[in-house]
Amino acid sequence: MHPAALAGGEPVLLTLKHAQFRPSRFARSLSIGATKRPGGETAGYGKRAAVVLRRGMRQAEFHSVEARLNRNHLSSLAVLVGTNGKGASVPDAPLCGLIVTGSDSATHAVERAVLIEVVRDALGRELPVLAISDAVPLALSAAGMEPPSSPHQAVLIGDEVRALQAHVDIERAIDSMATAPPR
């Protein structure tokens, strides 16, 4: 609009040209990566479960356990078991349970003794113990219990021994650990 039109008292009409506005190629919407959690979500990750890491672990079992722990907003606390002669124990932290996955390698006598010690320590703290595949006989012998009569893929040792036949039962056991108060 011309300044003469403004001085003459004509109505002011503003016309905007259609701009070709585009954000910079560096401007992006904010996103949070899959491994990062916003502050509100991390409050639920205060609960932990101890997971025994052993030589020759079955990776498929370990990954399914980790996925279920993540789904239940539980973080895992590693318990390293090896044949180096050093004793391992359940960490002195509030935990919801202990999970012992199976192994494809032969269990060395020192490793077996350390595993039995870890399971006894967890049961002494009244933590539920989930043993999967070949860890079942070790966990049951550490608890001083006989294996269940029915065929099983895993056991959950708590107030009683529950035989778990299917993968779904293992997931439900982890779900029950997630709802249990930390000890």
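Just above, that's the structure.
Residues numbered from 1 in each chain as written. Predicted model: local features only at pLDDT ≥ 70, side-chain atom pairs only at ≥ 80, totals over all residues. Heavy atoms only, no water.

Visitor: Would you mind showing me how to read the pairing of strand β5 (residues 154–157) here?
Guide: Taking every second residue as pointing to the same face, both faces of β5 are buried, with Ala154 and Leu156 on one and Val155 and Ile157 on the other. For strand β4 (residues 129–132) and β5, the ladder comprises four bridges, and the chain directions are antiparallel. Bridge assignment links Val129 to a residue of β5, and that residue is Ile157. Relative to strand β6 (residues 161–164), β5 runs antiparallel, the two being bridged by four bridges. Its bridge partner being in β6, Ile157 is matched across the sheet by Val161. Where β5 hands over to β6, the hairpin turn is made up of three residues, counted between the paired strands. (Buried < 20%, exposed > 50% of the residue type's maximum accessible area, 1.4 Å probe, protein only. Helix = DSSP H or I, 4+ residues; strand = E, 2+ residues; numbered from the N terminus. Pairing = 2+ DSSP bridges.)

Visitor: Mind showing me how you'd approach helix α6 (residues 167–179) here?
Guide: Counting along an α-helix, one turn takes 3.6 residues, and residues three or four places apart therefore face a common direction. In this model α6 runs 19 Å from its N-terminal to its C-terminal C-alpha over 13 residues, within 8% of the 18 Å that 1.5 Å per residue would give. Within α6 the residues assigned to the buried category are Ile170, Ala173, Ile174, Met177 and Ala178. Relative to the axis of α6, the buried residues are bounded by an arc of 145 degrees and lie together on one face. For α6, the exposed residues set more than 90 degrees away from the buried face come down to Arg172 and Thr179. Taken together, the buried residues of α6 touch α3 (59–71), β3 (98–100), β4, β5 and β6. (Expected span 1.5 Å × (residues − 1). Arc of directions from axis to C-beta. Contact = heavy atoms within 4.5 Å.)

Visitor: How should the sheet that holds β5 be read in this particular structure?
Guide: Sheets are built from strands that pair by backbone hydrogen bonding, the pairs being arranged parallel or antiparallel. Strand order in this open sheet of six strands is β2-β1-β3-β4-β5-β6, and the pairing throughout is mixed. One side of each edge strand has no neighbouring strand; the edge strands of this open sheet are β2 (75–80) and β6. Adjacent strand axes in the sheet meet at a mean angle of 20 degrees when their direction is disregarded. Across the sheet, helix α4 (residues 109–124) is in contact with β1 (48–53), β2, β3, β4 and β5; its angle to β3 comes to roughly 155 degrees. Contacts from helix α5 (residues 135–143) reach β3, β4, β5 and β6 within the one sheet, and its direction differs from that of β5 by about 25 degrees. (Axes fitted to C-alpha atoms, helices over the stretch in contact; angles between N-to-C directions.)

Visitor: Hey, could you run me through the packing of α3 against α6 in this one?
Guide: Geometry of a packed helix pair, given as the angle between the helix axes and the separation of the axes. Where α3 meets α6, the closest approach of the two axes is 10 Å, and the angle between their N-to-C directions is 40 degrees. Comparing their axes, α6 and α3 come out oblique. For α3 against α6, the interelement crossing comes out right-handed. The segment α3 lies against α6, with Ser64, Val65, Arg68 and Leu69 engaging His167, Glu171, Ile174 and Asp175. Looking at side-chain class alone, the contact of α3 with α6 contains three nonpolar, two polar and three charged residues. (Parallel < 35°, antiparallel > 145°, perpendicular 65-115°, else oblique. Left-handed = near helix turned anticlockwise from the far one by under 90°. Nonpolar A, V, L, I, M, F, W, Y, C, P; charged D, E, K, R; others polar.)

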